[in-house]
Amino acid sequence: MELKITCIPGDGIGPEIVAEAKKVLNKTVEKFGHSIQYTDILMGGASIDVHGVPLTDEAIATAKSADAVLMGSIGGDTTTSPWYKLEPSLRPEAGLLKIRKELNLFANLRPAILYDELAGACPLKEEISKAGFDMMIMRELTGGLYFGERKTVTENGVRKAIDTLTYNEEEIRRIAIKGFDIARKRKKKVTSVDKANVLDSSRLWRAVVEEVAKDYPDVTLEHMLVDNCAMQLVKNPAQFDVILTENMFGDILSDEASMVTGSIGMLASASLNDSKFGLYEPSHGSAPDIAGKNIANPIATILSAAMMLRFTFDLDKEADAIEAAVKQVLKEGYRTVDIMSEGCTQVSCSEMGDLLVERI
Ligand code: IPM
Ligand code: MG
């Protein structure tokens, strides 16, 4: 199979971690008899520096013509980088929001897994963490507050800002279907998270999710209010399988869930549309403070590449090979600095890539 992949190295540690993911992908496709055609595009600060905008129409067209997009990370230090002196629509993050919308990437999958080998990094008490956890946050990604009408006005000398939270039933239904489909391949439980005690958009969310659930009698559905969910994630994370939620709640809860694993450098993500197309990226950010030092953890990006093989290309064996290699290096005690612990061997970003290549 020929895989057409667009890469977005991006900003900060992005270029380093994408380079390692490419190394691992190249070895994997070589081993299994496939080939890859890569095209790189600029996004975020890297694009601002060259084109004055965080994402050009040509870059979007290139991304659209590929089967999948593999991204590193975008953005810089919001207090010191000149990118943040630009108006909001020209800042690095605007490029990310634009590509999500233009490619209709409405389903964001963010796994949060406590790896046995890294259980010590979990910040929760052992009595809680010993149960382990493996959850998938399904975040709606192209609606809600992020894309509703917004404006800032002055009325009678008083400044006022308005953001709008809108969802229609179709937007809710399509993400709910994806959530139930994925739950079916996992532990068959969906926790739908909303704020139905206050928000109309949440009441519609709840009603539509219940309608969709009727087609999945084998999957258990429960509803949870978002504030309670924030508590439950630290009190009893083992209870969750698929967490299905809207854009803003998903943004916040997915950061919380990743922190609870204690190893955000390990967490992958996928953003999918209605077809097999997807954008794959690590859950962590661009870490400008450690950029260019060859110490970043490339594993989240490498696992994102594995998700790409699985979800876009249906190459399960190939994805398994990458995930097995990751487990193997951890078992052998190799760690980048962010997940380093006593008795382990500390390695650089590129050394971690090399170790994984050897184990594919
Ligand atoms: C994320 C990020 C983005 C978001 C930012 C960078 C716009 O926090 O992917 O979670 O809020 O969606
Ligand atoms: Mg976020």
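Higher on the page you've got the structure.
Below or above, wherever it landed, is the structure these notes cover.

About the cut-offs
- Residues numbered from 1 in each chain as written.
- Chains lettered and ligands numbered in written order.
- Predicted model: local features only at pLDDT ≥ 70, side-chain atom pairs only at ≥ 80, totals over all residues.
- Heavy atoms only, no water.
- Near = heavy atom within 4 Å.
- Polar contact = N/O pair within 3.5 Å; in protein donor to acceptor, adjacent residues only side chain to side chain.
- Areas by Shrake-Rupley, 256 points an atom, 1.4 Å probe, with all protein chains shown as cover.
- 1 Å grid on protein atoms, 1.4 Å probe; cavity = no way out; pocket = protein on both sides within 12 Å on 5 of 7 lines; lining within 4 Å.
- Sits in = over half its atoms within 2 Å of the grid points.
- Nonpolar A, V, L, I, M, F, W, Y, C, P; charged D, E, K, R; others polar.
- Domains from an automatic or database assignment.
- Phe/Tyr/Trp six-rings, centres within 6.5 Å; stacked < 30°, edge-to-face > 60°.
- Helix = DSSP H or I, 4+ residues; strand = E, 2+ residues; numbered from the N terminus.
- Buried < 20%, exposed > 50% of the residue type's maximum accessible area, 1.4 Å probe, protein only.
- Lys NZ or Arg CZ within 6 Å of the ring centre and 35° of its normal.

Looking at ligand 1, the residues that line it are Glu93, Arg100, Arg110, Arg139, Tyr146 and Asp251. Taking Arg100, its side chain carries an N or O atom lying 2.8 Å from an oxygen atom of ligand 1. Taking Tyr146, its side chain carries an N or O atom lying 2.5 Å from an oxygen atom of ligand 1. Contact with the protein chains removes 72% of the 320 Å² of surface that ligand 1 exposes when unbound. For ligand 1, the cavity whose grid points lie within 2 Å of the majority of its atoms is the second largest pocket. Split by residue class, the shell around ligand 1 holds one nonpolar, no polar and five charged. When residues are assigned to domains, the shell around ligand 1 turns out to be shared by domain 1 (1–111 + 265–360) and domain 2 (123–261), each giving three or more.

Let's shift gears to the packing of aromatic side chains. Under the definition given, this model contains two aromatic pairs. Residues Tyr167 and Trp205 carry aromatic rings whose centres are separated by 5.7 Å and whose planes lie at 70° to one another, so their mutual orientation is edge-to-face. Here the residue Tyr167 occupies a position in the loop between strand S7 (158–163) and helix H6 (169–184), and Trp205 occupies one in helix H7 (residues 200–213), the gap between them amounting to 38 residues. The class for Trp205 is buried, based on a relative accessible area of 2%. Taking the centre distance of 5.1 Å and the plane angle of 25° together, the rings of Phe180 and Tyr216 count as stacked. Taken together, the residues span a long stretch of sequence, with Phe180 in helix H6 and Tyr216 in the loop between H7 and strand S9 (220–225) at a distance of 36 residues. For the pair shown, Phe180 and Tyr216 are each scored as buried. Across from the ring centre of Tyr38, 5.0 Å away, lies the NZ or CZ of Lys22, which sits over that ring. Over the aromatic face of Tyr146 sits the side chain of Arg139, whose NZ or CZ is 5.2 Å from the ring centroid.

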